Amino acid sequence: MPEKERKPDELFEKAAVEYGPALERLAHAYEADPEIRRDLLQEIHIALWRSFAGFDGRCSLRTWVYRVAHNVAASHVGRQSRSRRLTLVGLDDLANLPDRAAGEESAGRRHALDRLMEMIQQLEPLDRQVMLAYLEEMDAASTAEITGLSARNVATKIHRIKAVFARRFQEGGRNEQ
Amino acid sequence: MSVEQIRLSAGRFRRKVEWRNARESVAALVVVLFFAFEFMRTNDLLARVGFSLIIAGMCYMVRELYSRGSWRRLPKDAGLSSCIEFQRRELERQRDLVSSVWRWYLGPMIPGLAVLIVAFARINPGHLKHFELVIAVYALAIAAAFVGIAKLNERAARRLQRRIDQLNELSSQG
């Protein structure tokens, strides 16, 4: 059955099965606090469930799911940055931030994935959305459809983010030695 | 997550949000209660009018904050909006909110405060020296605070506009 002819509940169940783990990873990249993250994931699921009443097949189910999820998560980040005074940074600023992990030699080495996640959590929503799509192995065209950027811009952003992350990993590694 | 679980959690989530919104209103409620208490204490008609106007202004301000600024349900067509479009709309909403503080935040408080200042000036207990000067200093301090708040919000609006311009630039690059 084509997706646009499915009922909202069926669409939600399909999306929850197919994209459940990806949504968990997405929530993890947007919220570090486990308890608040659970709430965020729940909010994403609820927004998705409600959104399917308006799904008309103009875009793929995957694009729809990611757009809703990123839009909910970006709103969450906006609220949290106001109430908890979180500071999000652009790529240029992130490249120049001191690496907190670097000064924690006595606390032991941190897992690379944790550090990657921490860096992603510091990015502004749009950069974060691009990077998450890249980590979910989406091509530039799909990422462009979700974010609204051009495919060329997506490729440029991924290149820049990867370069900044690589530099910070190297700096962290050198400081830990 | 199954549909049944989602239905249950949607109800719980709505209640949680309502409770969160209610907690955010506590500060406004405390101020309203204070002015209501002062309203009961005074016999001066003009002061009572002033307290009533301030309470009305506070109620209007809280209502505007919830209808325009606070948590709101994600639009049903969120899946049709790309992340850039969605973020731009959100930023525009915030910019409009902070750039119109005179209309919904500061403005509604002015009539009540002005009436109260006049009422206090009339009630001069007589034994206080330079009473008019004290009242004038109070009025100036309030005016300065209002202008300060408006300036801070203007700055925030400009910051938001810069982010909107950046998004516009990104989305116009083909």
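Please read all numbers here as calculations on a predicted model, not as lab measurements.

Re the overall build of chain A
In terms of regular secondary structure, chain A is built from 8 helices and 0 strands. The helix and strand sequence of chain A, counted from the amino end, reads α-α-α-α-α-α-α-α. Considering chain A as a whole, with its 177 residues, one finds that 51% of them fall into the buried category.

Some details on the overall build of chain B
Counting its secondary structure elements, chain B contains 7 helices and 0 strands. Considering only intrachain contacts with a sequence separation of at least 6, the fraction spanning at least 24 residues in chain B is 74%. Surface accessibility of chain B: about 10800 Å² in total, with carbon and sulfur atoms responsible for 64%.

Here we look at a nonpolar patch on the surface
All names here are of chain B. Taken together, the side chains of Leu-45, Val-49 and Leu-53 define a hydrophobic patch exposed on the protein surface, amounting to about 260 Å² of accessible area. Checked against the element boundaries, Leu-45 lands in helix 3 (residues 45-69). Classification of Leu-45 by relative accessible area gives exposed; the value is 64%.

Considering the interface of chain B and chain A
With 31 residues of chain B at the interface, the matching set in chain A holds 38 residues. Our enumeration of links across chain B and chain A arrives at 0 salt bridges. The set of elements that each furnish at least two residues to the side of chain B that touches chain A consists of helix 1 (3-24), helix 4 (83-99) and helix 7 (131-172) of chain B. Ranked by residues supplied to the side of chain B that touches chain A, first place goes to helix 1 of chain B with 9 residues. Across the side of chain B that touches chain A, the residue classes tally to 14 nonpolar, 10 polar and 7 charged.

Some thoughts on helix 1 (residues 8-30) of chain A
With 23 residues, helix 1 of chain A extends just 26 Å between its outermost C-alpha atoms, more than 12% less than the 33 Å of an ideal straight helix rising 1.5 Å per residue. The largest bend in helix 1 of chain A amounts to roughly 65° and is located at Tyr-19 of chain A, with the proline Pro-21 of chain A lying one to four residues further along.

Concerning the confidence of the model for chain B
Within chain B, residue pLDDT values average 84, and 88% of them lie at 70 or more. Complex prediction metrics read pTM 0.74 and ipTM 0.71.

About the thresholds
- Residues numbered from 1 in each chain as written.
- Chains lettered and ligands numbered in written order.
- Predicted model: local features only at pLDDT ≥ 70, side-chain atom pairs only at ≥ 80, totals over all residues.
- Heavy atoms only, no water.
- Helix = DSSP H or I, 4+ residues; strand = E, 2+ residues; numbered from the N terminus.
- Buried < 20%, exposed > 50% of the residue type's maximum accessible area, 1.4 Å probe, protein only.
- Contact = heavy atoms within 4.5 Å.
- Areas by Shrake-Rupley, 256 points an atom, 1.4 Å probe, with all protein chains shown as cover.
- Patch = residues over 30% accessible without salt bridge, like charges linked within 9 Å, V, L, I, M, F, W, Y side chains within 5 Å.
- Salt bridge = Lys/Arg side-chain N within 4 Å of Asp/Glu carboxyl O.
- Nonpolar A, V, L, I, M, F, W, Y, C, P; charged D, E, K, R; others polar.
- Expected span 1.5 Å × (residues − 1).
- Bend = angle between axes of the 7 residues up to and from the residue.
- pLDDT = per-residue confidence, 0-100.

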